[in-house]
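Residues per chain, in single letters:
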Amino acid sequence: MKNTVMVLAAACCLQMGSGFYIPGQTQVTYKEGELMAPFVNSMTSTDGIIPYSWYDVKVCAPRDTEELAVHENMGMLLRGDKVLPSLYMFKMKQEASCVKVPCKDGENVLTKEDLGKFKDRIEKGYRMNMILDNLPVITTKGMWTVNCRRVRNENRLITDIRGFALGECAERHLNETERTHIFNHLDFTIIYNSKEVKVKGSEEKVMEYFVVGFKVTPKSYTRNCKGEPTTVELEPGQTTKEIEWTYSVSFHEDKSIEWATRWDEYLNSSIADSNPTTHWIRIIQSLVILLCLTCVVGIILTRALRLDLTRYNNRDADEINSMHQEYGWKMVEADVFRNPPHPQFFASLIGTGSQLMGMGMAVTILSTLGFLNPSYRGGFLTVAIFLFVVMAFINGYVTGHMQLMFRARKWKTIILSAFIYPGVVFTVWGISSIFFAQSGSSKAAPLSTVLVLMALWFGVSVPLVLLGAAMAYKQEPISYPRKPSDDLLARQIPPQHFIFTTLPMLLVPGLIPYAAAHFEIALIIRSIWQGQVYYVFGFLTLVILEVIVTIAETVIVYTYYKLVAEDYRWWWPSFLVPSGMGTYFFIYSIIYFNTILSVQSTLGTWIFFAFTFNTALVLVLVSGTIGFFSAFIFVKIIYSSIKAD
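Residues numbered from 1 in each chain as written. Predicted model: local features only at pLDDT ≥ 70, side-chain atom pairs only at ≥ 80, totals over all residues. Heavy atoms only, no water.

(A) Representation of helix α15 (residues 571–595). Between its first and last C-alpha, α15 extends 38 Å over 25 residues, near the 36 Å set by a 1.5 Å rise per residue. Residue P578 marks the point of greatest curvature in α15, where the axis turns by about 30 degrees. (Helix = DSSP H or I, 4+ residues; strand = E, 2+ residues; numbered from the N terminus. Expected span 1.5 Å × (residues − 1). Bend = angle between axes of the 7 residues up to and from the residue.)

(B) Quick look at the sheet that holds strand β19 (residues 230–231). Taking strand neighbours across the sheet as the criterion, the 3 strands line up as β15-β16-β19 in an open arrangement whose pairing is antiparallel. Either end of the sheet is taken by a strand with one partner, and the two such strands are β15 (167–168) and β19. Pairing geometry for strand β16 (residues 181–182) and β19, over 2 bridges, is antiparallel. Opposite H181, over in β19, you have T231 as the bridge partner. (Pairing = 2+ DSSP bridges.)

(C) Looking closely at the state of the cysteines. Tallying each qualifying case throughout the model produces 2 disulfides. Covalently, C60 is tied to C103 through a disulfide, its sulfur atoms 1.6 Å apart. Here the S-S torsion is close to 85 degrees, and the disulfide linking C60 with C103 is therefore right-handed. Note that C60 is positioned in the loop between β2 (39–40) and α2 (74–79) and C103 in the loop between β5 (96–100) and β6 (109–111), a separation of 43 residues in sequence. Among the residues examined, C60 registers a relative accessible area of 7% and is labelled buried. (Disulfide = S-S within 2.5 Å. Buried < 20%, exposed > 50% of the residue type's maximum accessible area, 1.4 Å probe, protein only.)

(D) Broad picture of the packing of helix α8 (residues 379–390) against helix α11 (residues 447–473). The interhelical angle for the contact between α8 and α11, taken along N-to-C directions, is 35 degrees, at an axis separation of 8 Å. Side by side, α8 and α11 meet where I385, V389 and V390 of the first sit next to L453, L456, V460, S461 and L464 of the second. Taken together, the residues of the contact of α8 with α11 sort by class into 7 nonpolar, 1 polar and no charged. (Axes fitted to C-alpha atoms, helices over the stretch in contact; angles between N-to-C directions. Contact = heavy atoms within 4.5 Å. Nonpolar A, V, L, I, M, F, W, Y, C, P; charged D, E, K, R; others polar.)

(E) Layout of the sheet that holds strand β8 (residues 130–132). Strand order in the open sheet formed by 4 strands is β3-β2-β8-β9, and the pairing between neighbours is antiparallel. Strand pairing shows two members of the sheet lacking a second neighbour, β3 (84–85) and β9 (135–136), which therefore form its edges. Where β2 meets β8, 2 bridges bridge the pair, whose relative direction is antiparallel. Each bridged residue has a counterpart across the sheet, and for F39 the counterpart in β8 is I131.

(F) Main features of the nonpolar core. In terms of nonpolar packing, the biggest core is built from 134 residues, with F90, M130, F188 and Y639 touching the most fellow members. In terms of residues, this core owes the most to one element, helix α16 (residues 602–640), which gives 14 residues. The contacts of Y639, once residues within four sequence positions are left out, are W329, V332, E333, V336, F337, P481, R482 and L563. If you look at the next biggest cluster of nonpolar residues, it comprises 9 residues, including A392, L404, V462 and V465. (Core = buried A, V, L, I, M, F, W, Y, C linked by side-chain atoms within 4.5 Å.)

(G) Just a nonpolar patch on the surface, in detail. A cluster of nonpolar side chains, contributed by I499, L503, L506, L507 and V508, occupies part of the molecular surface with about 380 Å² of accessible area. Structurally, L507 is set in helix α12 (residues 502–507). (Patch = residues over 30% accessible without salt bridge, like charges linked within 9 Å, V, L, I, M, F, W, Y side chains within 5 Å. Areas by Shrake-Rupley, 256 points an atom, 1.4 Å probe, with all protein chains shown as cover. Salt bridge = Lys/Arg side-chain N within 4 Å of Asp/Glu carboxyl O.)

(H) Representation of the side chain of T413 within the structure. Considering the arrangement of structural elements, one finds T413 in helix α10 (residues 411–439). Not counting chain neighbours up to four residues away, the residues in contact with T413 comprise Q344, S348, T399 and Q403.

(I) Region of the structure containing unusual backbone geometry. With a phi angle near 50 degrees, C98 is a residue other than glycine that sits in the positive phi range. Of note, C98 is situated in strand β5. Taking relative accessible area as the criterion, C98 reaches 25% and is therefore assigned partly exposed.

(J) Layout of the side chain of S630. For S630, the position within the fold is in helix α16. Contact partners of S630, with chain neighbours within four places excluded, come to A552 and I556.

(K) Focus on the environment of H518. In this fold, H518 is placed in helix α13 (residues 511–529). By relative accessible area, H518 is classed as partly exposed at 30%. Through-space distance from the C-alpha of H518 to that of V543 is 9.6 Å; in sequence the pair is 25 residues apart.

(L) Here's a closer look at the packing of aromatic side chains. According to the stated counting rule, one finds 49 aromatic pairs in the structure shown. With a centroid separation of 6.0 Å and an interplanar angle of 70 degrees, the aromatic rings of F90 and Y247 are classed as edge-to-face. Of this pair, F90 sits in strand β4 (residues 90–91) while Y247 sits in strand β21 (residues 246–253), placing them 157 residues apart in sequence. For the residue pair F90 and Y247, the accessibility class agrees, reading buried in each case. (Phe/Tyr/Trp six-rings, centres within 6.5 Å; stacked < 30°, edge-to-face > 60°.)

Rendered as structure tokens:
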């Protein structure tokens, strides 16, 4: 355990908190003149949100495109990350200028409907994505466009952006005669490094080259890489328009970039990692505030509890007979471990939260240590699904133990735990997949993917939940310091302060842990919806630790003063108090959607809020579970420290 903590601490400090990078594939080398075949990826947009295949618009495509597609893992299929072959061909260190893409007959002739689709995609800010040697292409000195408006990021232009724009919108606010045009020419720049290797079986050495960068500058020409831009409008009297697709390629050697560091430019240009100093300042500010909060809470609770324990444990016989003079949390010792309302549902929520918490911890550790990195396409989502399925055992085990505590073993509650969260997610995802299929999006999951997910759910996850519960049922129940009095009449609860009522309980305390995580949450949201790479898991790990401590302290203080007010109903509040974090996440997402994004379609809006709802639900379940365990340990400790009457 000690060694694991040391490894994690070292990983968190590497690269200014950016997560230790372990390359996800074997180095590929080329000889001079060797053929290099780039692949094309889905077209994406921060405005349209819905991804489409590269060939969704009418561009030149190779024969048997689907048969030659790159094998997709589960994560790639669910993200709509469709990697297909292209007609672009390069040769190592051999530059070329104005090469025509070898289109099939009539493939470069576009009708009014074809041009209309181009115009729609361009005005929604769609970007085309390509891959060479597993490196995404980036546009140098690029800018995001949303609804044909150039977007600035914190008063500075983003200089390197993944993919390239499909075209450029007409700036109608400047010139009414300006027309939208298509980028039909691509200027590629391939950055490479080299090394000397020995020829097998001899002492002769040859040079081998490997790709460390892939950049593009899109342009628009009429013909032969010259002339005015190609517009999406037909000229008077035209029914079709012929578009000439061309490209050029140049090579640039950079000895400063090694194979293991070639992803640094992508990671450093991301929103989350663009300013590590600001990141560290935010982390330090949060740590200072957390330290002050910990000191204040520790002093208050230590002092209050010491006085309470002294008063409760040093009473004489006369004081014991004068119970009407007693007050405080000691008065509810007979009811504090009474079963909460709806105990079976409560047990299912804690079990599900434990499963999600285990999955989140495992994914964060793997990402921080570098085993999940951007070079492994779809790897993060694939591993997360696998870990969620495996952690189903924890769900069943925790739910079973909770039932033993509540003295009510019911298998239907175990079944509920196996279905409650996956059922919600699968329903939302199923509805979204239907919409994706109707819109022709690359994110529409094939039937085989649906069947695999169903098999994982019913064939692996559900049995693991049942196995965990069966093992828990064989254990002894967790003992209480006081015997629960469920069979007796409950103590009457005196009038409570406003802060302990439902609405303040749901909104006020949850703001504290959310505030500790807000900066990181904002970066993650912006990275996801603005097409950037989030890979600062070292920082994320520190923030998660801060949030866990903040939740524990907030819930303990709330529970203590609730018990002091002689209200023994602490079970549900311990879960609901920190779950306000999910509510504030949802509120911030609404603000982000209305102020930053410019989504024009109903389907895009549905996708954004479906994702937001699922994420908020995860935050509610995980933060609530952390809050419950913190409160349970605290309550058990303080009631174990006083003498029983």
